[in-house]
Amino acid sequence: MVDWHLIKEMKPPTSQEEWEAEFQRYQQFPEFKILNHDMTLTEFKFIWYMEYSHRMWGRLVGLTYILPAAYFWRKGWLSRGMKGRVLALCGLVCFQGLLGWYMVKSGLEEKPDAHDIPRVSQYRLAAHLGSALVLYCASLWTSLSLLLPPHKVLGASSLIPIRTEDVVWLPETRQLLWLRRFAHGTAGLVFLTALSGAFVAGLDAGLVYNSFPKMGESWIPEDLFTFSPILRNVFENPTMVQFDHRILGITSVTAITVLYFFSRRIPLPRRTKMAAMTLLALAYTQVGLGISTLLMYVPTPLAATHQSGSLALLTGALWLMNELRRVPK
């Protein structure tokens with residue numbers, strides 16, 4: 001799909017003539033001329049419907065946010081604070097759609113100085129993924145805050161959690177404060193690692209060194225700083241991008257492991273312990289998926305599972321953060 005119309009494109013081509021016209025428009029762009037010059041109409045329909053499904057799903061997500069929000073607002077069921085959250089979430093949904101087209105457009109532009117295959121900008125891909133992750137995190141946090149009963153905080157003199165019929169009392173101690181801060185930092189690290197995956201995908205960086213734990217024959221490859229200036233390597237050099245993603249992944253799983261064992265030293269409610277244990281299990285599952293994806297030369301189903309795993313891991317981190325949150329007085 002080489003153009004974007006909010007309403008018009010919702011109806012796919014229905015006749016042979018319409019499909020051929022759509023295919024001819026695609027043939028005018030670098031992706032066909034350089035990469036897919038031998039593509040048939042049947043193959044074109046497959047990638048067209050992949051993009052079409054993604055766009056229609058995005059519209060459905062938008063309606064799922066906006067229509068209930070408008071109904072609840074009209075009924076007066078939203079508090080003042082919740083109205084602000086709802087407006088922010090709906091704004092993020094609209095922004096995400098516009099950013100998606102801005103990303104796709106980068107893959108259709110002529111780039112006379114480029115010597116690589118046509119691809120979308122890794123910067124715009126990372127922005128699109130980052131926006132989606134922010135929208136997801138904000139939605140999940142709001143949902144958890146509304147649906148799960150909070151842990152109300154007692155003074156530091158309390159030594160064990162006390163469960164009542166409607167709330168769980170979480171003792172406020174110096175250790176708990178440090179655990180909460182550590183959980184926040186770990187969640188940020190998980191977010192950054194997931195975001196770095198966009199640069200791996202955008203540059204096909206998963207295909208440059210398909211070995212683990214070493215990269216080829218060495219721990220630190222020689223071509224980390226091929227580009228100049230040096231900062232370009234962080235975002236444009238596939239070797240550096242994969243190296244950074246490895247380091248971030250290893251750091252994330254290490255932090256989660258430390259966080260889990262730190263949490264075991266503190267008397268916590270059962271639900272909070274379950275969140276910490278789930279996060280640990282998700283972290284090691286994600287590491288296994290990442291290494292397998294790399295060693296098997298990035299098969300699409302496994303790569304998609306690894307990408308989904310990053311969202312599951314981020315969900316676990318947010319859940320634990322929410323369990324440890326301080327309830328305002």
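Residues numbered from 1 in each chain as written. Predicted model: local features only at pLDDT ≥ 70, side-chain atom pairs only at ≥ 80, totals over all residues. Heavy atoms only, no water.

(A) Seen up close, the overall build of the chain. In terms of regular secondary structure, the chain is built from 10 helices and 3 strands. Along its sequence from the N terminus, the chain presents helices and strands in the succession α-α-α-α-α-β-β-β-α-α-α-α-α. Once the C-alpha set of the chain is aligned to its principal axes, its extents read approximately 75 × 60 × 35 Å. When each of the 329 residues of the chain is scored for burial, the buried share is 39%. Considering only contacts within the chain whose residues lie at least 6 apart along the sequence, 69% involve residues at least 24 apart. Surface accessibility of the chain: about 19200 Å² in total, with carbon and sulfur atoms responsible for 66%. Seen as two clouds, the 32 positive and the 24 negative side-chain charges of the chain have centres 18 Å apart. (Helix = DSSP H or I, 4+ residues; strand = E, 2+ residues; numbered from the N terminus. Buried < 20%, exposed > 50% of the residue type's maximum accessible area, 1.4 Å probe, protein only. Contact = heavy atoms within 4.5 Å. Areas by Shrake-Rupley, 256 points an atom, 1.4 Å probe, with all protein chains shown as cover. Lys, Arg positive; Asp, Glu negative; His and termini not counted. Charge placed at Lys NZ, Arg CZ, Asp CG, Glu CD.)

(B) Expanded view of the packing of helix α6 (residues 174–202) against helix α8 (residues 238–263). Their axes nearest at 9 Å, the elements α6 and α8 cross at an angle of 155°. The angle between α6 and α8 places the two elements in the roughly antiparallel class. Crossing geometry of α6 relative to α8 is assigned as left-handed. (Axes fitted to C-alpha atoms, helices over the stretch in contact; angles between N-to-C directions. Parallel < 35°, antiparallel > 145°, perpendicular 65-115°, else oblique. Left-handed = near helix turned anticlockwise from the far one by under 90°.)

(C) Region of the structure containing the UniProt feature "transmembrane region" (unreviewed entry) in the chain. Following the UniProt record, one finds the feature "transmembrane region" (unreviewed entry) at residues 56–74, 86–104, 124–148, 189–209, 245–262, 274–298 and 304–321. As annotated, residues 124–148 comprises 96% helix and 0% strand, and the C-alpha atoms at either end are separated by 35 Å. Along residues 189–209 the backbone is 67% helical and 0% strand, and the end-to-end C-alpha distance reaches 24 Å. (UniProt positions renumbered as here; feature names shortened; annotations may be inferred.)

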